[in-house]
Structures are given as C-alpha cells and as structure tokens.
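Next come the chains, spelled out residue by residue.
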Amino acid sequence: MATVFGATSAAISVSSSSSRKLHLPSRRSLPGRKASFLVVRSDAGANPNAGPRRAGQLITNAVATKADAAAASAPSKPGHELLLFEALREGLEEEMARDPTVCVMGEDVGHYGGSYKVTKGLADKYGDLRVLDTPIAENSFTGMGIGAAMTGLRPIIEGMNMGFLLLAFNQISNNCGMLHYTSGGQFKIPVVIRGPGGVGRQLGAEHSQRLESYFQSIPGIQMVACSTPYNAKGLMKAAIRSDNPVILFEHVLLYNLKERIPDEEYVCSLEEAEMVRPGEHVTILTYSRMRYHVMQAAKTLVNKGYDPEVIDIRSLKPFDLHTIGNSVKKTHRVLIVEECMRTGGIGASLTAAITENFHDYLDAPIVCLSSQDVPTPYAATLEEVTVVQPAQIVTAVEELCQ
C-alpha cells in the first residue's frame, strides 16, 4: 500500500499488475454520467523494459480493479517495502556499487547521512572521497561537481534545499547546461542535481519554493520529478546513467511515502509520463505531490459520475507529448494541476505545448490550477490557501465537463 505518513492528506493504493494497451476511441462527445465506476489503482510494477510505443496506441501503467482487490493481494506481492527516501538511497547505492565513477557531494551528505537521510550509511561504505561533505557554498561545490563530470566522473550534487541552489544558478546555467554545446561535444556533463523542494509544513518562504519554472528555460538540462518510491528509485538510476545533466525534483512531503517495489533491478525512462488512472471524460496532468491531491479529488469525481484520466507527467523537460497527446485525442478536455507558480510555471509551458500540437482535438479551453504568485506564508492556514486543494480540482472538472 502507498501511504503518506504525516506528509499529505491523500493516499492511494498501488497494485502490481501488468500494463495493457488501450486503443483510442473515435472522437465523440462527453458520455452521460454513469452510476458507478471501477476504482483504478496505479501500477507500481510496470515493465521498464517494455518495447517502443506505436502511434495510435495508449500504453497505460494502470488497470481497473475492485476497490478492495489491491489491499487483499498486497501481502502476497513480490518485492520489498521502502519509504521514498529509502528508495532514492537504494537506487543511489546500487549505482555506486555498479559504477566506481559515481560520487556524491553536498552539505552533510557524508557521515550525517543527508538532511533527509537519502545518503545515510554511504560514507561508511564508500569512503569520504566518493561521499564528500562540502562547505556551505553551493556555487563552489556545484562548480566542482560540474568540473568532475567533465573529467569522467558521474557526480550527484545534493542541495540541502532546492532553494539554496539558486546560489549556484550561474554554474547550472552557464556551465552545466551549455558546456557540451559550447565545447563542440568535447565535454559531457553527466551530473545529477537533486534535493527536496516544494511547499512543506510551515517551513517558511525560503524553504518552500517551487523552482521547476526557474530551471526549465535552461538549454541542455533535463528535469524529472519523482512522486512514488517506485519511480523515485527508477528515475534516480536513469538520471545517474544519463550523459545529460539531470535535475531530479523531490518533494519534502513525500519522503515518507511507502510502497512495495520490485526486488529485481529496473530503470525508469527520463522522458515518459505515467498513466495513473485511465478515463474518458477529462485528462488531468499533474506531477509530484499534486498527484495525490488529484487522486483524492478523483475519488469524489467518480462518485459524482465523472471518469477522469490522470497522468503523472514525471518528465518536466522534455514533455512526453506522445502519452499526453493520445489522452487529449481521447478525452478532448485538459486540466493541469501543479504546485508550481502560475506565471511562467510548468503548467504554462504545458498549456502552450498542448495548444500548439493538439488544438484541433480540444472541445474546451485548457484549465490550469497553480499555486498563487506569492511567497509561501509561514502560517499554516495561509500556506494551505496558496496551494491547490482537492476541492478546487473537483470544481474545475465539473465546470470543464459541462
């Protein structure tokens, strides 16, 4: 079972069933409301080695099951249960064991084990040269990591908080993103930049920033956001193996999310979205913590007679327009739910991409629910108001499907 302990009010169950292909239906108007729907659970055991997708098919990672089926079969499923931060550590440790060029650097990542214990125990196992504690100097150690990547290492740079990496923005932009191009391909920058971000629980404005929109405009950078222990581990491994610089966004409120993941090795694609729940009436695009707010809203929507399709876009740059496009061609309505800021956010870029590529398939304007353009307040009641809540998602879907 996937459960968030003290992290978020929403929770979903995860079943381990094989993915299946869903052929797109012909364009049609919104069907009448039905009395009931099957509950759809996300598939944590999706095959990472599946073959290439073909045009005209929507390959999903979700199956329709009875509400109690996943819970009944959970104890008998293969694999092992991990919290999200433990899944990140497991992926990191596996790659360090597999490749001696993989190293970690950042503040307190060594013997302290990292602020959220993602690197706990790695310094004792691999030594101080591969798990390097740095001074409080983001600009310096980010530059050092980029230089290490240029000379053949595969560094993982941890920001104690993603907001602190703004101090290293020059290194990330002018060096990390550009050196492969400006060197004429002589240098590769296989570096992973990762750390906690998002709105926490009364962490204050400087520790509650959503910085996806800050980095998305940097040429040469890939960006992914994990949302479950399964994709956290798979995306971590994929990011480390990539020859491109990758920014991995982790949400501070999802570290204690628990899920059963496979014992065997797997790697997630850095450029694929995840079909969380197939549906017919509206496409809901989301990522990171908002996935759980959307799934909480989906339960209410199903009870009201709607059948939403939920996609965790995961890849923030580039977008998986294959999966997104197939969904838009089926539902003809799009709702984007993000925690990023509304002005210049991921939702704005996604709206532009869908409008440019799939405008003819839309039966209604794209709706985007984003955080308010204000610094995150410390007061809990005000903090909650700045972030999209499940009730707002339900209202938006009802208005969009009228």
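Residues numbered from 1 in each chain as written. Predicted model: local features only at pLDDT ≥ 70, side-chain atom pairs only at ≥ 80, totals over all residues. Heavy atoms only, no water.

## Remarks on the packing of helix 4 (residues 138-150) against helix 5 (residues 169-176)
When two helices pack together, you describe them by how their axes are tilted relative to each other and by the distance separating the axes. Threshold: Orientation is described by lines fitted to C-alpha atoms, with helices fitted over the stretch in contact, and by angles between N-to-C directions that extend from 0 to 180 degrees. Each helix is a run of DSSP H or I of at least 4 residues and each strand a run of E of at least 2, with the numbering of both proceeding from the N terminus. Under this scheme an angle from 65 to 115 degrees is roughly perpendicular, one under 35 degrees roughly parallel, and one over 145 degrees roughly antiparallel; angles in between are oblique. Two helices that cross are described as forming a left-handed crossing if the nearer one is turned anticlockwise from the farther one by less than a right angle, and a right-handed crossing if clockwise. The contact criterion used is simple: two residues touch if any of their non-hydrogen atoms lie within 4.5 Å. All amino acids are sorted into three groups, where Ala, Val, Leu, Ile, Met, Phe, Trp, Tyr, Cys and Pro are nonpolar, Asp, Glu, Lys and Arg are charged, and the leftover types, Gly among them, are polar.
Close contact between helix 4 and helix 5 brings their axes to 8 Å; oriented N to C, the two are set at 25°. With respect to each other, helix 4 and helix 5 are oriented roughly parallel. As helix 4 packs across helix 5, the resulting crossing turns out to be right-handed. Taken together, the residues of helix 5 that come into contact with helix 4 (itself represented by Asn139, Thr142, Gly143 and Ile146) are Gln171, Ile172, Asn175 and Cys176. Residues that form the contact of helix 4 with helix 5 fall into these classes: three nonpolar, five polar and no charged.

## What to know about the confidence of the model for the protein
Our working rule: Note on scores: pLDDT gives the predictor's confidence for each residue, bounded by 0 and 100.
When pLDDT is averaged along the protein, the result is 84; 81% of the residues meet or exceed 70. Counting contacts from residues 1-75, a segment whose pLDDT is below 50, to residues more than four positions away or on other chains yields 166 contacts.

## Some remarks on the packing of aromatic side chains
What counts, and what does not: Centres within 6.5 Å make a pair out of two Phe, Tyr or Trp rings, where for Trp the six-membered ring is used; the pair is then stacked when the planes are under 30 degrees apart, edge-to-face when over 60, and tilted otherwise. Accessible area is worked out with a 1.4 Å probe on protein chains only. A residue is then buried under 20% of its type maximum, exposed over 50%, and partly exposed in between.
Applying the stated criterion across every chain, the model contains four aromatic pairs. Ring geometry for Tyr116 versus Tyr255: centroids 4.9 Å apart, planes at 25°, classification stacked. With Tyr116 in the loop between strand 8 (102-106) and helix 3 (122-126) and Tyr255 in the loop between strand 13 (246-251) and strand 14 (257-261), the pair connects residues that are 139 residues apart, well separated along the chain. For Tyr116, a relative accessible area of 31% puts it in the partly exposed group. When the centroid spacing of 4.3 Å and the interplanar angle of 5° are considered together, the rings of Tyr230 and Tyr266 count as stacked. With Tyr230 in helix 8 (residues 229-241) and Tyr266 in the loop between strand 14 and strand 15 (274-277), this pair connects stretches of sequence that are 36 residues apart. Both residues of the pair, Tyr230 and Tyr266, count as buried. Each member of the aromatic cluster is reached from another via a ring pair, and the members are Phe169, Phe215 and Phe249.

## Topic: the sheet that holds strand 16 (residues 282-286)
Under the convention used in this document: When DSSP finds two or more bridges between a pair of strands, those strands are recorded as paired.
Taking strand neighbours across the sheet as the criterion, the five strands line up as 15-17-16-19-20 in an open arrangement whose pairing is mixed. Each end of this open sheet is capped by a strand with a single partner; those strands are strand 15 and strand 20 (367-371). On average, adjacent strands in this sheet sit at an angle of 25° to one another, irrespective of strand direction. Looking at chain direction, strand 16 and strand 17 (residues 308-312) are connected through five bridges and run parallel.

## So, helix 5
Here helix 5 has its buried residues at Gln171, Ile172, Ser173 and Cys176. Contacts made by the buried residues of helix 5 are with helix 4, helix 6 (179-182), strand 11 (192-197), helix 7 (212-215) and strand 13.

## Focus: the environment of Asp363
Its place among the elements puts Asp363 in the loop between helix 11 (346-358) and strand 20. A relative accessible area of 38% means that Asp363 is categorised as partly exposed. It is 9.3 Å that separates the C-alpha atoms of Asp363 and Val334, two residues lying 29 residues apart in sequence.

## A short note on the nonpolar core
Put simply, the test is: In these notes, a set of buried Ala, Val, Leu, Ile, Met, Phe, Trp, Tyr and Cys residues joined through side-chain atoms within 4.5 Å is what counts as a nonpolar core.
Membership of the largest hydrophobic core comes to 44 residues, with the highest contact counts inside it found for Ile172, Ile247, Leu285, Ile313 and Ile354. Of all the elements in the fold, those that place two or more residues in this core are strand 8, helix 4, helix 5, strand 12 (222-225), strand 13, helix 10 (321-331), strand 19 (334-341) and helix 11. Examining the composition of this core, we find that five residues originate from one element, helix 11, more than from any other. Core analysis: the next-biggest nonpolar cluster, separate from the first, contains 37 residues, Leu83, Val131, Leu235 and Ala239 among them.

## Some remarks on the sheet that holds strand 12
Ordered in space as 9-8-10-11-13-12-18, the seven strands form an open sheet in which the pairing is mixed. Taken across any chain shown, the strands that pair with only one partner, and hence form the sheet edges, are strand 9 (131-133) and strand 18 (315-317). Ignoring strand direction, the axes of neighbouring strands in this sheet form an average angle of 20°. Examined bridge by bridge, strand 8 and strand 9 share three bridges and lie parallel to one another. Counterpart to Met105 in the pairing with strand 9 is Leu132. Sheet strands touched by helix 2 (residues 84-98): strand 8, strand 9, strand 10 (154-158) and strand 13. Its angle to strand 8, the strand with the most contacts, is close to 130°.

## Here we look at the pattern of salt bridges
Basically, it comes down to this: In the sections that follow, a salt bridge refers to a side-chain nitrogen of Lys or Arg positioned within 4 Å of a carboxyl oxygen of Asp or Glu.
Taken as a whole and assessed by the stated rule, the structure comprises 23 salt bridges. For the salt bridge of Glu398 with Lys304, the shortest nitrogen-to-oxygen distance reads 3.2 Å. You can see Glu398 sitting in helix 13 (residues 390-400) and its partner Lys304 sitting in the loop between helix 9 (290-303) and strand 17, a full 94 residues away along the chain. A cluster of three or more residues bridged by salt bridges with shared partners is formed by Glu90, Glu94, Glu95, Arg98, Lys233, Lys237, Arg241 and Glu265.

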